Amino acid sequence: MTLGTPTPEKTAVPNRHASSGLASILRLREVPVTLALILLVTVTYLANPLFLSQQGTKDLLLNATIVIILAVGQAMVIITRNVDLSIGSILGIVAFSTGTLFVAVPGIPIVLVFLAGMALGALLGTINGLLVTVAKVPSLVITLGTLYVYRGLNNAWAGGTQYFAGDRPSSFGALSVDTLAGFPLITLIAIVVVIIVAVFMASTRPGRDLYAIGSDPEAAKLFGIPVTRRVLLAFFSNGILAGLAGVLYASRFNSVGATTGTGLEFDIIAAAVVGGVAIFGGSGTVVGAAIGALLLTTITSALTAVRVDKFWQQAIVGLLILAAIIIDRVARIRTAKKLRLSEARDV
Amino acid sequence: MSNPPTELLPTATNRSGARTAVLPQAGGRIGLARILLSRDTVMIYALVVFVIFAALFIPRFASPVSTGFLLLDVIPALLIALPMTLVIITGEIDLSVASIAGLTSALMGVLWSAGLDIGPVLIISLLAGVLAGAFNGLLVAVLGLPSLAVTIGTLALFRGLALVVIGDNAVANFPPELTSFFTSKIGGTGIPTVMIGVAVVAVFFGVLLHFTPFGRGLFALGYSKEAATFVGIKVMRAKFWLYVASGSVSALAGIYWTLRYSSARSDNASGLELTVIAAVLLGGVSIFGGKGSIPGAIAGVLLIGTINFTLRLNRISDVVLIIVTGTLLIASVVAPSIIEGISKWRHTRRHRRQLPQASALGETRATASGVQERK
Amino acid sequence: MTMEFIRPTTTRRTRRLFALAAVAASVALVASGCASGDSAGTGSGGEGDLSITFIPKQLNNPYTDVVLGGGKDGATAAGFTGIEVVGPLEASASSQVSFINAETQAGTSVIVIAANDPDAVGPALEEARAAGAKIVAFDSDTNPKYRDVFISQVVAKDVALIQVKLIAEQIGGSGEIAILSATANATNQNEWIKFIEEELASNPDYADITLVAKVYGDDDDTKSFQEAQGLMQAYPDLKGIISPTTVGIAATARYLSTSNYKGQVALTGLGLPNEMRPFVKDGTVTAFALWDPAQLGYVAAFAGKALADGTITGAEGDKFTAGDLGEREIGADGLVIVGPPTTFTADNIDNYDF
């Protein structure tokens, strides 16, 4: 096995010997997800035009915002062949701290609150990263532990206290309502985040190193990639984004307290997986994860809009996740076969 | 790179018997030290110590009533932990166990209120668990899809089906003879009667894992799927049947839950999967696969269950339990890693001191050996 | 996955040691069970030492906190020496059982419980009663056979009537309405919903009002928010929403006040004044109702004391004194009413602080 070259199955690189640029675009793993989303929206709109009314679209985008930001962060971690189960708890702590800040320091500038929330998230994410890299312990175990610990800290700090929308300045709450050119402000923030991270992952050295680490950690290490630093970076970024999501949560929803954010982790991982991020790491893009997040949040709204019995919603989401995994596997096998054939032809 | 003299390679000392005892890598101990100090037995000690401590210092703990309540609370997690151990040892995972239990519970409720006899209700519900497990097995073992992602999907799917089946309703009118049997105790000991059944299941899985070739094959599977295939282990079949077992036992847990609380609801056993996994990992099962034991897993479940129980007994908030569980889990995996790291550091330092050439060649050798040791 | 060399399999001797250790652990557990040390805690300890424990539907609920505040005050005034509050962090059916069991063991004199599911807590309550505890249900009833008395905040029918009256006023007497409730099995909400449906069907004043949907927010802020969204999408002609739960009405108000529907869709139900104040001030909500939750806890504590003393047995016609609130009489099926509901509007909302 040659060092430094990831095995063919694990790369997301489209076939460079493709007959046309269009064919290679179509082979991108994000395509099935985007197509599914477009199909879903179209069908639902035909059934209930209110689905895409101004309020309806705004709701769709707003609902997706927080999930998109979380999915982007989680994608970075999953790509390095790790996972972070504690994001729900991080979001909860940051959301509650936001509520506390507004009450404890009246008149605090909103920007400062954002920075504080993101800093707290970064701190918690870095703790995860340190435990994973320094202690060399599997991230599933560590983040399961920190899921409990952070949740417990949130409970201990908050107790029965809850802060409501009225405790926060209306300008802060208005962030989740105001729009710019039809797009809700916070959705624009999410889109900017996606673009920044996507460019980072695709074009910068550290970003591409994350893929290498996820494809084959030993090879990456022998190749000279500072694995520890990169993985720490992934967890740190995930933490910052979870912090950002926590602050936005406090802006959009009414109450923040001890149980905020419980149970989010599986939804976010599902969103990333549906968006083409392979759970074994090494492939997938944050754009795909964002689209996956959008798809999952849209599905619940869509099913409600066509008055599908709400009891079917969770089952349908489950089927969707399974379908995404199967499609992903089929696509990967076909890409691998094509690469194998093309390399054989070149010899 | 030319072969350095063998005395300089710390890894070479692995293979000679003399140095093994000080080798810092996991599994490097031999003999009695290996059994008595391995993760699982440490957990068993911790459990015994805690139980004795609780019996002596916590009022009202040492009584048949306590034992009864504790065991009744712990049984679903205990049951599910058994096949979960085997699944994790093979390097896979099953997150859908709680949803299968919930689905079973929902089915029981619907079938019972539709008028079926309790016998067919139980059988059909158990069958549903078997089928759910087989579905998981099909996707993971036969199609080879990643188990973490698949079981997140089936977690949602089966819980969703439970909602479809029973909706928002709750069924509570199960035959009183049956429900009181499930909470009955053996004589004056306080041990619930159903523990006999649970013990049977535990013995079954314990024997399967530790005393049969199939079980040994599972450990091999966890180390290396390719090597296991070459050795002749039928990987696909083994994993498939493990998932079927996981589904069936989850169904048993769901049946127990429904009849113990006399309540069939779609959200029964919600969130149980994380508790079971945390307990099993605490009990010494390695998430990478290839390492673990049934007694260790049982100890992990009982330890968390006992701590939970004593906290509740003293009306200490669940908050403390949550923090304790998380810290225990982190500490239990980080501590061995840190200890290993420290002894490895001491080992390298000792070798560097002992070898005269090393001081001249200095860092290069150390790095080379460091890389090789880290594998 | 890292490639590790295959370790030798365990020998027979090591396996036997494992088994021995496991047996030792189980023996320790059984031994603690058979130990004749501390008693199983039947009955209360010591003369005049009465203890009371409150088990709400879930902790971290603002409404519950107010109730419990009143309950603790009442318990102190009534003369309980041991006052505790325990409960699950999530409102699920079986989560209360282990707390009830702990109380049975502690020999608590009075257990005051708001049940998440009327039947799931039954067997545990019966064991508690067998150990000598008195059971008072409050806020959300259990199956009557499992408890001695039930303290209801208001006459259930009155709660329903006032909410229907408020919504009818606010939508102009006709149109589609929906209900956004808490959990699907909550006894109290379900009772009120039943009366609401009966009233809509029978009262000619409400003949033009149709109830098109009932959704459940599980007393979770995010979920209630999303259910409110779903309602507006699925029923575009919806004119009013009734939310008989403080979490639900607050979440719905938040959604409506940040959307195009503000002022278009009426919202009423049961809410906490402190939570609802901004929404009343900004016009999303015109009027809603509640009672003083603290009184609920207060009366429950005194009822518990009366039961523990033997002053009442829970039979119809029994009377007891609820401290400063005066005398209360037990109605049919062990029912005790606290008082009439209050309507909150922009005019009076600033007078209340809970």
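Residues numbered from 1 in each chain as written. Chains lettered and ligands numbered in written order. Predicted model: local features only at pLDDT ≥ 70, side-chain atom pairs only at ≥ 80, totals over all residues. Heavy atoms only, no water.

A. Highlighting the overall build of chain C. When its secondary structure is counted, chain C shows 10 helices and 14 strands. Considering chain C as a whole, with its 354 residues, one finds that 59% of them fall into the buried category. When contacts within chain C are restricted to residue pairs at least 6 apart in sequence, those whose partners lie at least 24 apart make up 70%. Total accessible area on chain C stands at roughly 13100 Å², and carbon and sulfur atoms take up 50% of it. (Helix = DSSP H or I, 4+ residues; strand = E, 2+ residues; numbered from the N terminus. Buried < 20%, exposed > 50% of the residue type's maximum accessible area, 1.4 Å probe, protein only. Contact = heavy atoms within 4.5 Å. Areas by Shrake-Rupley, 256 points an atom, 1.4 Å probe, with all protein chains shown as cover.)

B. Structural detail: the overall build of chain B. On a plain count of helices and strands, chain B comes out with 17 helices and zero strands. Looking at chain B as a whole, 57% of its 375 residues are labelled buried. Here the contacts in chain B between residues at least 6 apart in sequence split such that 76% fall between residues at least 24 apart.

C. Focus on the packing of helix H8 (residues 185-203) of chain A against helix H13 (residues 286-305) of chain A. Residue and element names in this part refer to chain A. Interhelical geometry of H8 versus H13 gives an angle of 145° and a closest axis separation of 9 Å. Of the residues in H13, those touching H8 at Val-194, Val-197, Ala-198 and Met-201 are Val-286, Val-287 and Ala-290. Its residues assigned to classes, the contact of H8 with H13 shows seven nonpolar, no polar and no charged. (Axes fitted to C-alpha atoms, helices over the stretch in contact; angles between N-to-C directions. Nonpolar A, V, L, I, M, F, W, Y, C, P; charged D, E, K, R; others polar.)

D. Fine view of the pattern of salt bridges. Taken as a whole and assessed by the stated rule, the structure comprises 20 salt bridges over all chains. One salt bridge in this structure joins Asp-318 of chain B and Arg-312 of chain B, with 3.1 Å as the shortest N-O distance. Each of the two residues, Asp-318 of chain B as well as Arg-312 of chain B, counts as buried. Close ionic contact of Glu-169 of chain C with Lys-165 of chain C constitutes a salt bridge, the shortest N to O distance being 3.4 Å. Of this pair, Glu-169 of chain C and Lys-165 of chain C both sit in helix H5 (residues 156-171), four residues apart, roughly one helical turn. Given a relative accessible area of 44%, Lys-165 of chain C falls into the partly exposed group. Among the charged side chains, a network of salt bridges with common partners joins Arg-205, Asp-209 and Arg-230 of chain A. (Salt bridge = Lys/Arg side-chain N within 4 Å of Asp/Glu carboxyl O.)

E. The arrangement of the pairing of strand E3 (residues 110-113) of chain C in detail. Residue and element names in this part refer to chain C. The two faces of E3 match: Val-110 and Val-112 on one face and Ile-111 and Ile-113 on the other face are all buried. As paired strands, strand E1 (residues 51-55) and E3 are joined by four bridges and run parallel to one another. Note that in E3 the partner of Phe-54 across the bridge is Val-112. Here four bridges tie E3 to strand E4 (residues 134-138), and the two strands are oriented parallel to one another. Of the residues in E4, the one forming a bridge with Val-112 is Val-136. Running through helix H4 (residues 122-130), the crossover from E3 to the neighbouring parallel element E4 is right-handed. (Pairing = 2+ DSSP bridges. Right-handed = clockwise from strand over helix to strand, strands pointing away.)

F. The arrangement of the sheet that holds E1 of chain C in detail. Residues and elements named next belong to chain C. In space, the six strands of this open sheet follow the order E2-E1-E3-E4-E5-E13, with parallel pairing throughout. Of all strands in the sheet, those with a lone pairing partner are strand E2 (82-85) and strand E13 (335-337), marking the two edges. For this sheet the average axis-to-axis angle between neighbouring strands, irrespective of direction, equals 20°. Relative to strand E5 (residues 149-152), E4 runs parallel, the two sharing three bridges. Across the sheet, residue Val-136 finds its bridge partner in E5, namely Val-149. Sheet strands touched by helix H3 (residues 97-106): E1 and E3. Its angle to E1, the strand with the most contacts, is close to 175°. Its contacts with the sheet place helix H10 (residues 293-309) against E1, E3, E4, E5 and E13, and it is angled at close to 160° to E4.

G. Region of interest: a positive patch on the surface. All names here are of chain B. There is a patch of like positive charges on the surface, built from Arg-346, Arg-349, Arg-350, Arg-352 and Arg-353. Residue placement: Arg-349 occurs in helix H15 (residues 318-354). The class of Arg-349 is partly exposed, set by a relative accessible area of 38%. (Patch = residues over 30% accessible without salt bridge, like charges linked within 9 Å, V, L, I, M, F, W, Y side chains within 5 Å. Lys, Arg positive; Asp, Glu negative; His and termini not counted. Charge placed at Lys NZ, Arg CZ, Asp CG, Glu CD.)

H. Highlighting the sheet that holds strand E6 (residues 175-181) of chain C. Residue and element names in this part refer to chain C. Judged by pairing direction, the sheet is parallel, and its four strands sit side by side in the order E7-E6-E8-E9 without closing on themselves. Whereas interior strands pair on both sides, the edge strands pair on one side only; in this sheet they are strand E7 (209-216) and strand E9 (266-269). Pairs of neighbouring strands in the sheet enclose a mean axial angle of 25°, with direction left out of account. Inspection of the sheet shows strand E8 (residues 238-243) paired to E9 by four bridges, in the parallel sense. Its bridge partner being in E9, Gly-240 is matched across the sheet by Ala-266. The strands touched by helix H8 (residues 246-257) are E6, E8 and E9; relative to E9, the strand with the most contacts, the crossing angle is about 165°.

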